[in-house]
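# Topology and contacts: notes
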Amino acid sequence: MTMAYRRLTRDGVEPLWMQLMRALRSQIESGEVGPDQPLPSEAELSDIFGVSRTVVREALRELVQQRMIYKVKGRGAFVAPRKTELNFVGSVSGSAHDLREAGRRVATHTISQSLGEADQREAELLQIPHGEQVVRMRRLRRVDGQPWLLVDTALPARLVPGLERAVLENQSLYDVLRRRYGLEAAAADRWIEAVFPEPDDAALLEVATSTPLLGIESVAWLPDGTRFEAYYALHRSDQTRFFVGIR
């Protein structure tokens, strides 16, 4: 990365470290340096901007706090990839819809799809008797070619007859439910936690088992209050952040 020289104002109200932070941030936001590309070293930044190493460190520390850069021990500072911001946690439209609206390429692979008896947690979330028939599916979503989320879904079989045999590859489940069964979510509850993946889940998401993920459990219901969908999804937290607006 070649930094354009920018003179800092030494007699201004704003501290030098803040001026330097803003200068670096401007370079990053302009796209002059891309994600995962290195910044100049502390010594180089000191020379470029004519400031002390202490000023440089303070500016870099602030950019780390803002998640604009990250540091690798022994290698220096790098521009952080920009995470896609989704309103998914506060939306019932589904992440695929939000991603396509943002112009991303979305592909969904069905790993498994079958009929079975509701376990205790599924029965609790869906408010159905333990052992009632449910359609279960496990799906892996990729965005722009990269694994994005792994989701396990259960729906009461009486509401979705034949869904266990439906072709869902690269299909929006919510679109299928709406078109084929007339089911559309009116509201949903979601619980979010930080988790580490099991080895099989980590392999599907192409991350290490030590990688923290966002685990999201959800239950959705119809306008009449009938619960029709429960799922647990693992999201790669290195690629996503969720937006929740409170009004």
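In this text the structure is predicted, and so the values were computed from the model without any measurement.

## Details of the packing of helix α2 (residues 42-49) against helix α3 (residues 53-65)
Contact pair α2 / α3: the axes reach a minimum separation of 9 Å and the direction vectors enclose 110°. Judged by the inter-axis angle, α2 sits roughly perpendicular to α3. In this structure, α2 uses E42, A43, L45 and S46 to contact α3, whose residues at the interface are R53, V56, R57 and L60. Broken down by class, the residue content of the contact of α2 with α3 amounts to four nonpolar, one polar and three charged.

## A look at the side chain of T108
Positionally, T108 belongs in strand β4 (residues 106-117). Here R141 takes part through its side chain, which lies 3.2 Å from a polar atom of the side chain of T108. Leaving out residues up to four positions away in the same chain, T108 has contacts with R139, L140, R141, E169 and N170.

## Section: the packing of helix α1 (residues 16-29) against α3
Where α1 contacts α3, the two axes come as close as 8 Å, and the packing angle between them is 55°. Judged by the angle between their axes, α1 and α3 are oblique. Regarding α1 and α3, the two cross each other, and that crossing is right-handed. Where α1 approaches α3, its residues L16, W17, L20, M21, L24 and R25 are matched on the opposing element by V55, V56, E58, A59, L60, E62 and L63. Here the contact of α1 with α3 is composed, by residue class, of ten nonpolar, no polar and three charged.

Thresholds, definitions, all that
Residues numbered from 1 in each chain as written. Predicted model: local features only at pLDDT ≥ 70, side-chain atom pairs only at ≥ 80, totals over all residues. Heavy atoms only, no water. Axes fitted to C-alpha atoms, helices over the stretch in contact; angles between N-to-C directions. Helix = DSSP H or I, 4+ residues; strand = E, 2+ residues; numbered from the N terminus. Parallel < 35°, antiparallel > 145°, perpendicular 65-115°, else oblique. Contact = heavy atoms within 4.5 Å. Nonpolar A, V, L, I, M, F, W, Y, C, P; charged D, E, K, R; others polar. Polar contact = N/O pair within 3.5 Å; in protein donor to acceptor, adjacent residues only side chain to side chain. Left-handed = near helix turned anticlockwise from the far one by under 90°.

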